[in-house]
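Letter by letter, the chains look like this.
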Amino acid sequence: MLRWEFSTVHADKHDVGVSYDPKQRAYVSGSHYRRLYNLGATLPSLINALTTLSGAKFITYDQAGLPQSLVHGNWHDFGPSLGFSYRALDGRKSFVVRAGYATSSIPKALYNWNDSMTGNTPFSATYQNSTTDGTQTPDGIANYADASVPTIIAARTSTNAVSLETARGLTATSGTITYFNPNQPTSRVHS
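Engineer: I tried to follow the sheet that holds strand β2 (residues 18-21) on my own but got confused; where do I start?
Structural biologist: For sheets, the rule is that strands pair by backbone hydrogen bonds, running either parallel or antiparallel. An order of β2-β3-β4 is seen for the 3 strands of this open sheet, with the pairing classed as mixed. Either end of the sheet is taken by a strand with one partner, and the two such strands are β2 and β4 (58-60). Across the sheet, the mean angle from the axis of one strand to that of its neighbour is 35°, orientation sign disregarded. Across 3 bridges, the pairing between strand β3 (residues 26-29) and β4 is parallel. Looking at the pairing, V28 lines up with I59 of β4.

Here you go:
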């Protein structure tokens, strides 16, 4: 018996996922950014801030030459299986001998895919409001906290300390990326 298996690549219902293209040094989205903005998955202010701060480049799956799932499916997952059984003797002394061998493919665990594809920039970023980081202080000096009166007091005036509309509080290292090789072979098991 020869079995052909194809495990589809995981994909989000709205194609909210991001990968990375090392050749173009760019974040690769599984959907066009206008759609992601409409879904509330990311904000134009975040994309603009990361582009300005760190020179990040954002492209879509089609610009990277990838399928919308961001990973190519493997249509070559053949799983040969071989088995036999033999019944020996009759009556009370009869017995059956069975044996088999099979290879199967194992799809990537959904939680690994989901955590990686939806937890990356531009769907998340590290925001901070620092008075000791010169790139964030009003006067550009790292010791601003020593020379000024605090304007943000925890639980009193901290409600709007970080603005998502202007994406303040981001630094050049705010973006993160974890991605899967788009041509990764399927894991195999022998039994």
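Engineer: Just to check I follow, could you spell out the confidence of the model for the protein chain for this structure?
Structural biologist: Low pLDDT means the predicted atomic positions in that stretch should not be read closely. Of the residues in the protein chain, 85% have a pLDDT of 70 or more, and the chain-wide mean is 81. Per-element mean pLDDT across the protein chain ranges from 58 in strand β1 (residues 2-4) up to 95 in helix α3 (residues 61-64).

Engineer: Any chance you could explain the packing of aromatic side chains here in plain terms?
Structural biologist: Each pair of aromatic rings is reported with the distance of its centres and the angle of its planes. In total, this model carries 4 aromatic pairs according to the counting rule given. Where Y20 meets Y27, the ring centres are 6.3 Å apart and the plane angle is 80°; that geometry is what we call edge-to-face. Between Y33 and F58, the aromatic rings sit 6.2 Å apart at their centres with planes inclined by 85°, giving edge-to-face as the arrangement. Within this pair, whereas Y33 is found in helix α1 (residues 33-39), its partner F58 is found in strand β4, the two being separated by 25 residues in sequence. Residue class for Y33 comes out buried when judged on its relative accessible area of 12%. On the basis of relative accessibility, which here comes to 15%, the residue F58 falls in the buried class.

Reading the values: rules and limits
- Residues numbered from 1 in each chain as written.
- Predicted model: local features only at pLDDT ≥ 70, side-chain atom pairs only at ≥ 80, totals over all residues.
- Heavy atoms only, no water.
- Pairing = 2+ DSSP bridges.
- Helix = DSSP H or I, 4+ residues; strand = E, 2+ residues; numbered from the N terminus.
- Axes fitted to C-alpha atoms, helices over the stretch in contact; angles between N-to-C directions.
- pLDDT = per-residue confidence, 0-100.
- Phe/Tyr/Trp six-rings, centres within 6.5 Å; stacked < 30°, edge-to-face > 60°.
- Buried < 20%, exposed > 50% of the residue type's maximum accessible area, 1.4 Å probe, protein only.

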